[in-house]
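# Summary of structural features
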Amino acid sequence: MTVVKTQQDIPHDPRKRRLWIIFQLQSKGKSLSSLAGDEGVSQQAISASAAGNGSSHLQEALAVAIGVTAQDLFPEHFDSNGDRLRKPRKPQRKNFLKT
């Protein structure tokens, strides 16, 4: 099984990209469920982020889990300088409140 990680190989269509992310996670022995558990959020929240919606923090977690940058994974959320186009949401996960 070959794992591709170049920006050209990442699908731009949100549905295809979500499936690509799932494949990349599986190739590393992970899943959306396991990543959701690690981040303290529901599987629906991490799945929405994989589709390009939801929290910027979860999109970053997905990118880190598969070994790419969030900008490469979700280029539509960044400008040409590499800055996020919209204000990121505050992470809403259980372990966020721990001190």
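Scroll up to find the structure.
Residues numbered from 1 in each chain as written. Predicted model: local features only at pLDDT ≥ 70, side-chain atom pairs only at ≥ 80, totals over all residues. Heavy atoms only, no water.

### As for the packing of helix α2 (residues 32–39) against helix α4 (residues 56–66)
In the contact formed by α2 and α4, the axes pass within 11 Å of each other and the chain directions differ by 125°. Our classification of the angle between α2 and α4 gives oblique. By crossing handedness, the relation of α2 to α4 is classed as right-handed. Between α2, through L32, L35 and E39, and α4, the contact on the second element is made entirely by H57, L58, A61, L62 and A65. (Axes fitted to C-alpha atoms, helices over the stretch in contact; angles between N-to-C directions. Helix = DSSP H or I, 4+ residues; strand = E, 2+ residues; numbered from the N terminus. Parallel < 35°, antiparallel > 145°, perpendicular 65-115°, else oblique. Left-handed = near helix turned anticlockwise from the far one by under 90°. Contact = heavy atoms within 4.5 Å.)

### Some points on the pattern of salt bridges
Summed over the entire model, instances satisfying the criterion amount to 1 salt bridge. R17 is paired through a salt bridge with E76; the nearest N and O atoms lie 2.7 Å apart. With a gap of 59 residues between them, R17 in helix α1 (residues 14–27) and E76 in the segment after α5 (70–73) connect regions that are remote in the sequence. Take R17: its relative accessible area is 0%, and that puts it in the buried class. (Salt bridge = Lys/Arg side-chain N within 4 Å of Asp/Glu carboxyl O. Buried < 20%, exposed > 50% of the residue type's maximum accessible area, 1.4 Å probe, protein only.)

### Quick notes on the side chain of Q59
Here Q59 lies in helix α4. Within the structure, the side chain of Q59 is placed 3.4 Å from the side chain of R84, a separation counted as a polar contact. (Polar contact = N/O pair within 3.5 Å; in protein donor to acceptor, adjacent residues only side chain to side chain.)

### Focus: α4
Most of α4 sits out of view: 8 of its 11 residues are buried. Here α4 has its buried residues at S56, L58, Q59, A61, L62, A63, A65 and I66. On its buried side, α4 packs onto α1, α2, α3 (43–50) and α5. Between a side-chain oxygen at the N-terminus of α4 and the backbone nitrogen of H57 the separation is 3.1 Å; the capping residue is S55. Looking at the residues trailing α4, positive phi occurs at G67, about 85°.

### Things to note about the nonpolar core
Within the largest apolar cluster, 20 residues are counted, with the highest numbers of intra-cluster contacts made by I21, L25, I46, L62, I66 and L73. Looking at this core, the elements with two or more residues in it are α1, α2, α3, α4 and α5. In terms of residue count, α4 provides more of this core than any other element does, 5 residues in total. Ignoring any residue separated from it by four or fewer positions in sequence, one finds L62 in contact with I21, L25, L32, L35, I46, S49, A50, L73 and F74. (Core = buried A, V, L, I, M, F, W, Y, C linked by side-chain atoms within 4.5 Å.)

### With respect to the packing of α1 against α4
Contact pair α1 / α4: the axes reach a minimum separation of 9 Å and the direction vectors enclose 45°. Viewed along their axes, α1 and α4 adopt a mutual orientation that is oblique. Handedness of the α1/α4 crossing: left-handed. Contact residues: W20, I21, Q24 and L25 in α1; L62, A65 and I66 in α4. Taken together, the residues that form the contact of α1 with α4 break down as 6 nonpolar, 1 polar and no charged. (Nonpolar A, V, L, I, M, F, W, Y, C, P; charged D, E, K, R; others polar.)

From the geometry alone we can't say anything about function, so treat these as descriptive.
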